[in-house]
Amino acid sequence: MRLILLGPPGAGKGTQASAIVKRYNIPHISTGDIFRLNIKENTPLGKEVKSYLDAGILVPDELVVDIVKDRLKKSDCANGFILDGYPRTINQAEVLDKELAKMGIELDAVINIFLDVQLLIERAVGRRLCKNCGATYHIKFHPPKQDGICDICGRELYQRDDDKEETVKKRIEVYLTQTKPLIEYYKDKDILVNIDGAQSIEDTFNEIINALEK
Ligand code: AP5
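Residues numbered from 1 in each chain as written. Predicted model: local features only at pLDDT ≥ 70, side-chain atom pairs only at ≥ 80, totals over all residues. Heavy atoms only, no water.

When the UniProt feature table is mapped onto this chain, "domain: Guanylate kinase-like" (unreviewed entry) is found at residues 1–213. Measuring from the first to the last C-alpha atom of residues 1–213 gives 10 Å, for a span that is 49% helix and 15% strand. (UniProt positions renumbered as here; feature names shortened; annotations may be inferred. Helix = DSSP H or I, 4+ residues; strand = E, 2+ residues; numbered from the N terminus.)

Looking now at the UniProt feature "binding site: ATP" (unreviewed entry) in the chain. Annotation from UniProt places "binding site: ATP" (unreviewed entry) at G10, A11, G12, K13, G14, T15, R127, T136, Y137 and Q199. Lining the largest cavity, from this annotated set, are K13. Here G14 shows up in helix α1 (residues 13–24). Here G14 falls in the partly exposed class, since its relative accessible area comes to 29%. In this structure G14 touches H28 and D84, once residues within four positions along its chain are discounted. In this fold, T136 is placed in strand β6 (residues 136–138). Residue class for T136 comes out partly exposed when judged on its relative accessible area of 34%. (1 Å grid on protein atoms, 1.4 Å probe; cavity = no way out; pocket = protein on both sides within 12 Å on 5 of 7 lines; lining within 4 Å. Buried < 20%, exposed > 50% of the residue type's maximum accessible area, 1.4 Å probe, protein only. Contact = heavy atoms within 4.5 Å.)

Right under this line is the structure:
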């Protein structure tokens, strides 16, 4: 299964990707996660992209496209992959199309998770992540059993720097101007699947799987 997860910040892309990869046994490729790991490890790439993530704006295309091209060539992508947060501009989508064509493969579907802006802000601002294993929680919608502690590995939870309300609003604005046009782009290719992200995590997952397997 070769998939793209499209949607505004906080729509539930990462949450759904974690469940989808288990079902199809494919790698989860999140450009946001790749950037955050590089920032944490203080790599040259991390130093270069930090200011963009902190400001809630997109990293320039030239810093993203080659990372994804190289990642798709790894052997674990042979049976499929899920791209989460990539592409985010028409240019990134066109580069991806060319790369997939060169590799002789096609996308199976682009899952577009949509959600009302107010709920997006609430979802992103309330998100908490595990410092150790990366598991995602929400203070209201998906709280850990013990406040501030990961259910899975017992380590501390934290809030992403770009999940402060003002930065979330900026990220939504950036999504609307630079990423939303991809909905039409993939609709024209007849591979777009629209999913209502306001449902529970489980119902959203079931709707995605039904759409993919019908
Ligand atoms: P990235 O990390 O990709 O962030 P994003 O796209 O803004 O998406 P989020 O991770 O915020 O949200 P999500 O949709 O995954 O939601 P989640 O499942 O966690 O990008 C960060 C930055 O990196 C960008 O701003 C940019 O600077 C840069 N970047 C990344 N890719 C780039 C690219 N291609 N080009 C250029 N720059 C790039 O859910 C959110 C919360 O809601 C969680 O707490 C979760 O528990 C909860 N939740 C989820 N689903 C439900 C549900 N159904 N019901 C109730 N609660 C739910």
